[in-house]
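Overview (structure and organization)
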Amino acid sequence: METFDEHPRGALHAYLDGELSLEGSLEVEAHLSTCSPCRRQLETYRALRRVLQQARAAAPEAETALVRVTRSVRARRRRAFAIGGLGAMAAAAVVALVLIPRAGGGMVQEVAAVHARALESGRSVELASSDPLALGQWLSARLPGAVPPTAGGDGFALRGARVDSLDGRPVATAVYQVRSHLVDVFAWPSAERDMEPRPSVAGRWTVCRWSHRGVAYWMVSEAGTEDLKALAALIKERRT
Amino acid sequence: MDDDSREFEQFARPHAAAALRLARTLVRNEADAQDVLQDSFLRAFRHFRGFSGESPRAWLLSIVRNVSFTLWRKRERDDPGDLETTLDAESDPGPSAEARLLEACDAAQIHAALDRLPGLHREVLVLREMEECSYREIAEILGVPIGTVMSRLSRARAQLVRELVGDPRSKN
């Protein structure tokens, strides 16, 4: 393990936060025993923590808000029940509402925003690999039930994967490249019936959703509609 | 048929206060914070069956964050992307008197100083020091690598100290 030629800046914070291994902590402590500026800094940050914790406000109204939300959900369901008199159908509709994510324009915008954010931050892939098996294992270790990516081909190179978040849920994301464009492919198990690719355009982004054999897909890229349809066809072919 | 909403209450209740505090940190206006909280609970309720991660708190807080950003975008207010560019470098350790000066600050001063920080600094401090989230949870909530959490946190602490006790190197 490296020793600190200079002050262990980042490690000092990790030490304070209890995020270091035993070995790392010992290393920092050895440095602290000989370095008074670092000791002072640690003392300062400990004091900062104490005052921040004292300033932490209680928020009892948060629970009230939670109960208000769940109560209104229950009230809405009772109304749905009473109005139709078709109990089972109403229940099915409620279940569908709960299980299926927003499918309208809001989702297109969000998919585009997630893609833009990943590109801007330069962390489109958390694991870079062209091996679908390795990526699948990596994804399912982080997200049980994750849909594994399929291999690249036909001008689409598989670049890697990440776990991103869509509509408030973690989602397995495979990243392909066609020419100079990266394509994010979000996929999750779904009870949706098979659906042909439906492209739409959101600003500079093309978004395309489709379903195949119990998996819902959303794809987004700067590449055009034809490219995304071709990638959908490739994934379908590899999946069968 | 109401079981899932009761189950959701159980699931979310331990993290409700943290969710509201984060919402307040991110939107700064009580009415907006309450809206964000309610939207977040609704969204979380719709999807909590599909949740399979390790930390319900991190998941719930990441939703609060997404909802807050959606509100930001709607208001066309400070874009978190811009805030990042205003982050500045860590200062040298000041005199040990800093710790004593800090201890003398009251809650109102702390909150006022937090309000002067860029949003990305404010939220990482609140998550770490007030909610006591691990680096891993914070990374999950913010959607950034752990290394980024560390560097952001160290800058945020340095900046908050400067806000509270002044920069020993500046003339004022």
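Residues numbered from 1 in each chain as written. Chains lettered and ligands numbered in written order. Predicted model: local features only at pLDDT ≥ 70, side-chain atom pairs only at ≥ 80, totals over all residues.

A few words on the overall build of chain B. Check the secondary structure of chain B and you find nine helices and zero strands. When its helices and strands are written in sequence order, chain B yields α-α-α-α-α-α-α-α-α. Within chain B, the proportion of its 172 residues that are buried is 47%. Taking all contacts inside chain B whose residues are at least 6 apart in sequence as the whole, residues at least 24 apart take part in 75%. (Helix = DSSP H or I, 4+ residues; strand = E, 2+ residues; numbered from the N terminus. Buried ≥ 20, exposed ≤ 12 C-beta atoms within 10 Å, placed from the backbone. Contact = placed C-beta atoms within 7 Å.)

Counting residues at the interface gives 48 residues for chain A and 55 residues for chain B. Within the residue set of the side of chain A that touches chain B, elements represented by two or more residues are helix 1 (9-16), helix 3 (36-55), helix 4 (61-84), helix 5 (87-99) and strand 3 (169-178) of chain A. Ranked by the residues each element gives to the side of chain A that touches chain B, the list is headed by helix 3 of chain A, at 16 residues. Per-class residue counts for the side of chain A that touches chain B are 22 nonpolar, ten polar and 16 charged. (Nonpolar A, V, L, I, M, F, W, Y, C, P; charged D, E, K, R; others polar.)

Glancing now at the packing of helix 7 (residues 119-130) of chain B against helix 9 (residues 146-165) of chain B. Residue and element names in this part refer to chain B. Following both chains from N to C, one finds helix 7 and helix 9 inclined at 100 degrees, their axes separated by 9 Å at the closest point. When the axis of helix 7 is compared with that of helix 9, the two are roughly perpendicular. Side by side, helix 7 and helix 9 meet where Leu120, His121, Val124, Leu125 and Arg128 of the first sit next to Val149, Arg152, Leu153, Arg155, Ala156, Gln159 and Leu160 of the second. In the contact of helix 7 with helix 9, the residues fall into seven nonpolar, two polar and three charged. (Axes fitted to C-alpha atoms, helices over the stretch in contact; angles between N-to-C directions. Parallel < 35°, antiparallel > 145°, perpendicular 65-115°, else oblique.)

Compared with an ideal rise of 1.5 Å per residue, which puts 20 residues at 28 Å, helix 3 of chain A spans 29 Å between its outermost C-alpha atoms and is within 8% of the ideal. Looking at helix 3 of chain A, one finds that the buried residues are A:Cys38, A:Gln41, A:Thr44, A:Tyr45, A:Ala47, A:Leu48, A:Val51 and A:Leu52. Where the residues of helix 3 of chain A are buried, they touch helix 1 and helix 2 (22-32) of chain A together with helix 5 (97-103), helix 6 (107-116), helix 7 and helix 9 of chain B. (Expected span 1.5 Å × (residues − 1).)

Residue and element names in this part refer to chain A. We note that Asp154 has phi near 50 degrees; this positive angle belongs to a residue other than glycine. As for its placement among the helices and strands, Asp154 is situated in the loop between helix 7 (132-142) and strand 2 (156-166). On the basis of neighbour counts, which here come to 10 C-beta atoms within 10 Å, the residue Asp154 falls in the exposed class.

What follows concerns the nonpolar core. Counting 66 residues, the largest nonpolar core has B:Ala19, B:Ala23, B:Leu37, B:Val64, B:Leu102 and B:Leu160 as its most contacted members. Element by element, the count of residues in this core is highest for helix 1 (residues 3-27) of chain B, at ten residues. Ignoring sequence-local partners within four residues, the contact set of B:Ala19 consists of A:Ala62, B:Leu37, B:Ser40, B:Leu60, B:Leu61 and B:Val64. Counting 39 residues, the second largest nonpolar core, distinct from the first, contains A:Val111, A:Ala118, A:Val175 and A:Trp205. (Core = buried A, V, L, I, M, F, W, Y, C linked by C-beta atoms within 7 Å.)

This part takes up the environment of A:Val51. Secondary-structure assignment places A:Val51 in helix 3. According to the C-beta neighbour criterion, A:Val51 is buried, with 20 such atoms within 10 Å. Once residues lying within four places of it in the same chain are set aside, the contact partners of A:Val51 are B:Leu102, B:Glu103, B:Cys105 and B:Ile110.

This part takes up the pairing of strand 6 (residues 205-212) of chain A. Residue and element names in this part refer to chain A. Burial within strand 6 is extensive, with six of its eight residues counted as buried. By the bridge criterion, six bridges tie strand 5 (residues 195-202) to strand 6 in an arrangement that is antiparallel. Its bridge partner being in strand 6, Arg198 is matched across the sheet by Arg209. Pairing of strand 6 with strand 7 (residues 215-221) involves seven bridges; the strand directions are antiparallel. The partner of Arg209 across the bridge, within strand 7, is Trp218. Hairpin connection between strand 6 and strand 7: a loop of two residues separates the two successive antiparallel strands, and Arg213 in this loop has a positive phi of roughly 50 degrees. (Pairing = 2+ DSSP bridges.)

Turning our eyes to something else, we now look at helix 2 (residues 30-47) of chain B. Compared with the 26 Å implied by 1.5 Å per residue over 18 residues, the 26 Å span of helix 2 of chain B between its first and last C-alpha is a close match. Listing the buried residues of helix 2 of chain B in full gives B:Ala33, B:Val36, B:Leu37, B:Asp39, B:Ser40, B:Phe41, B:Arg43, B:Ala44, B:Phe45 and B:Arg46.

Once that is clear, we can look at the sheet that holds strand 4 (residues 181-189) of chain A. Where strands meet in a sheet, backbone hydrogen bonds hold them as pairs that are either parallel or antiparallel. Spatially, 1-2-3-4-7-6-5 (chain A) is the arrangement adopted by the seven strands of the open sheet, whose pairing is antiparallel. Edge strands, defined here as strands with exactly one partner in the open sheet, are strand 1 (127-128) and strand 5 of chain A.

What follows covers the confidence of the model for chain A. Across chain A, the average pLDDT comes to 82, with 86% of residues at 70 or higher. Throughout residues 85-103 of chain A the model reports pLDDT below 50, and contacts reaching past four residues in sequence, or to other chains, amount to 14 contacts. (pLDDT = per-residue confidence, 0-100.)

Mapping B:Gly53 onto the fold places it in the loop between helix 2 and helix 3 (56-75). Expressed as a C-alpha distance, the spacing of B:Gly53 and B:Glu140, which sit 87 residues apart in the sequence, is 10.0 Å. Not counting chain neighbours up to four residues away, the residues in contact with B:Gly53 comprise A:Pro170, B:Ala58 and B:Trp59.

All names here are of chain B. Following both chains from N to C, one finds helix 8 (residues 135-142) and helix 9 inclined at 100 degrees, their axes separated by 9 Å at the closest point. Relative to helix 9, the element helix 8 is oriented roughly perpendicular. Facing Tyr135, Arg136, Ile138, Ala139 and Leu142 of helix 8, the residues of helix 9 in contact are Ile146, Val149 and Met150. Residue composition of the contact of helix 8 with helix 9, grouped by class: seven nonpolar, no polar and one charged.

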